[in-house]
Amino acid sequence: MARDTTDQTPVTSVAELTAYLASGSKPKEKFRIGTEHEKFAFFKADNSPVPYFGEASIQALLNGMAERNGWEPIMDEGNVIGLAEPSGNGAISLEPGGQFELSGAPLENLHQTCKESNQHLAVLREIAEPLGIRFLGIGGSPKWSFAETPRMPKSRYAIMTRYMPKVGSKGLDMMYRTCTIQVNLDFSSEEDMRRKMQVSLKLQPLATALFASSPFTEGKPNGLLSWRGDIWRDTDNQRSGLLPTAFKPDFGFSDYVEWALDVPMYFVVRGGHYHDCTHVTFRQFMNGALKGEIAEWQPTMGDWTNHLSTLFPDVRLKRFLEMRGADGGPWRRICALPAFWVGLLYDDEALSAAEELTRDWGYEEVLALRDAVSAKALAAEFRSRSLFDVAREVLTISRNGLKRRNRLNGDGIDESQFLAPLDEVLAKKATLAEDMLSLYHGRWNESVEPVFADYQY
């Protein structure tokens, strides 16, 4: 989320919160694809991280992009912390450690999505090259310690940085030292949302395995293939993970709302200032818990949408669904991740096939798979089967879904080509993380420095 919302519409009932989520339902012909990707900024001279302030800096990148694109600066206490496309379709934002994120526009097909990402990277290179800055596309910071990692001047991140160590052991690593690729997808009804939420939650560990690309920490192998996936196992389990309530046969918008109401808040924004609210849940907020602490203590719809943006389940529900399981990766994977999920969820036959495959997958066994894939990736086992075998089956469903979707649209567009990086993983029986480890023990001579050259944008 690039800009925290300031919608002042009063919230007076839980039913209004449920109606907000339900209002995301739209007819299938209006379904869109919104892709987000993050990358680490580094100086090509010595592979060091890029600070926020300075002549060659994150701030300079944002100002250069604003001038080049004509996008509107997003300010926080006098600092530019993001850019918004004037019509509201797309944004650039910063993660806590300076990870540079494009939140893409809602687009009709994967060719547009891939073109958008490539254009963004091309423009960003124009701005970054004179500053000696490049970008790394993998899932975890391979070299820098937490102390060496920059801090971005975003008020919400200061609150989160204070709070995270109270609720988990790895929250600060999540904030400052990981990158992801995500895709945001639509639903047509509560039933459609339920089907997509349940299928995608059950298959999210598979996405973590397929896209595993974070095997290094502070210059050495960390014993994992998706360090990022492992970090999410103990970040803040009140607000992240598999979301048990979503496994209910009758799961609906109100169930998500009831869960979200009892998660501690991070903040409310009043007059451009962020107030730390980590001591109250949204339900307590609605019951007047902030009366006497802040002048405008009544909850608004802006407070609710901001709160929803601070919840981190593996699949997040807003007025659309966010797929959150994958590590960041090279540019081809920015197209592969949305292709994987669009093929599974935007074709009726594919969704039914994926639903049938996962129908009796229970919460506990999916949780066990989620725990296993950070270390084993596709070598993990599920019900006495290699996850490689499950991946082949799921990828076939996705590919067929894309092909049917393209035939139905009658536009001659073949979106299934964007699954090629995942085909390569299955053909080699090796994830990107395993490729990098082979290089580390071979051509890289047990140094992570070459990763900055080999996997840069």
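Keep in mind that this is a model prediction, so the values were computed, not measured.

Novice: Tell me about the state of the cysteines, residues and numbers included.
Specialist: According to the stated counting rule, one finds one disulfide in the structure shown. A disulfide-free cysteine, Cys-179 has its sulfur positioned 17 Å from the sulfur of Cys-335, the nearest such atom.

Novice: Describe in detail the side chain of Asn-184, supporting the description with residues and values.
Specialist: Tracing the sequence through the fold places Asn-184 in strand β8 (residues 181-185). Polar contacts involving the side chain of Asn-184 include one to the side chain of Glu-36, which spans 2.9 Å. Excluding anything up to four places from it in sequence, Asn-184 contacts Arg-32, Ile-33, Gly-34, Glu-36, Phe-320, Leu-321 and Glu-322.

Novice: Please set out the packing of aromatic side chains residue by residue, giving values where relevant.
Specialist: Scanning all chains against the criterion turns up 21 aromatic pairs. Each ring, one from Trp-444 and one from Tyr-455, has its centre 6.4 Å from the other, and the planes form 80 degrees; the classification is edge-to-face. With Trp-444 in the loop between α16 (432-441) and α17 (450-454) and Tyr-455 in the segment after α17, the pair connects residues that are 11 residues apart, well separated along the chain. As far as burial versus exposure is concerned, Trp-444 and Tyr-455 are alike and both buried.

Novice: I'd love a proper account of unusual backbone geometry, names of residues and values included.
Specialist: In this structure, Asn-445 takes a positive phi of about 55 degrees despite not being glycine. Of note, Asn-445 is situated in the loop between α16 and α17. Despite not being glycine, Glu-446 has its phi angle at roughly 55 degrees, a positive value. Within the fold, Glu-446 resides in the loop between α16 and α17. Exposure remark for Glu-446: the relative accessible area of 52% places this residue in the exposed category.

Novice: Quick one: what's the story with the pattern of salt bridges, residue by residue and with numbers?
Specialist: It is possible for side chains of opposite charge to pair when their charged atoms get near one another. Counted according to the given criterion, the structure contains 37 salt bridges. Two residues, Lys-143 and Glu-449, come together in a salt bridge whose shortest N-O distance is 3.1 Å. Of the two residues, Lys-143 sits in the loop between β7 (133-136) and α4 (155-167) while Glu-449 sits in the loop between α16 and α17, which places them 306 residues apart along the sequence. Given the relative accessible area of 24%, Lys-143 is considered partly exposed. Owing to a relative accessible area of 31%, Glu-449 belongs among the partly exposed residues under this scheme. Residue Glu-393 pairs with Arg-385 through a salt bridge whose shortest N-O separation is 3.2 Å. A residue is classified by how much of its surface remains accessible, and Glu-393, at 34% relative accessible area, is partly exposed. Its relative accessible area of 32% is what places Arg-385 among the partly exposed residues.

Novice: For the side chain of Thr-310, give the residues involved together with the corresponding values.
Specialist: Tracing the sequence through the fold places Thr-310 in the loop between α10 (301-308) and β14 (312-313). What makes Thr-310 buried here is its relative accessible area of 1%. Excluding anything up to four places from it in sequence, Thr-310 contacts Arg-156, Arg-239, Tyr-266, Phe-267 and Arg-316.

Novice: Tell me what's going on with the nonpolar core, and back it up with residues and numbers.
Specialist: Proteins that are soluble and globular tend to have nonpolar side chains buried together. Core analysis: the largest hydrophobic core is formed by 132 residues, its most contacted members being Phe-340 and Trp-341. By residue number, the principal contributor to this core is helix α11 (residues 331-345), which donates 10 residues. Discounting chain neighbours no more than four positions away, the residues touching Trp-341 are Val-183, Leu-185, Ser-200, Leu-203, Gln-204, Ala-207, Met-323 and Tyr-346. Residues Met-160, Met-174, Tyr-176 and Phe-312 belong to the second largest nonpolar core, which totals 17 residues.

Novice: Tell me about helix α3 (residues 110-128), and name the residues and values.
Specialist: Counted at 1.5 Å a residue, the expected span for α3 with its 19 residues is 27 Å, and the 27 Å between its end C-alpha atoms agrees. For α3, every residue scored as buried is listed here: Leu-110, Thr-113, Cys-114, Glu-116, Ser-117, His-120, Leu-121, Val-123, Leu-124, Ile-127 and Ala-128. Its side-chain oxygen at 3.0 Å from the backbone nitrogen of His-111, Asn-109 defines the N-terminal cap of α3.

What counts as what
- Residues numbered from 1 in each chain as written.
- Predicted model: local features only at pLDDT ≥ 70, side-chain atom pairs only at ≥ 80, totals over all residues.
- Heavy atoms only, no water.
- Disulfide = S-S within 2.5 Å.
- Helix = DSSP H or I, 4+ residues; strand = E, 2+ residues; numbered from the N terminus.
- Polar contact = N/O pair within 3.5 Å; in protein donor to acceptor, adjacent residues only side chain to side chain.
- Contact = heavy atoms within 4.5 Å.
- Phe/Tyr/Trp six-rings, centres within 6.5 Å; stacked < 30°, edge-to-face > 60°.
- Buried < 20%, exposed > 50% of the residue type's maximum accessible area, 1.4 Å probe, protein only.
- Salt bridge = Lys/Arg side-chain N within 4 Å of Asp/Glu carboxyl O.
- Core = buried A, V, L, I, M, F, W, Y, C linked by side-chain atoms within 4.5 Å.
- Expected span 1.5 Å × (residues − 1).

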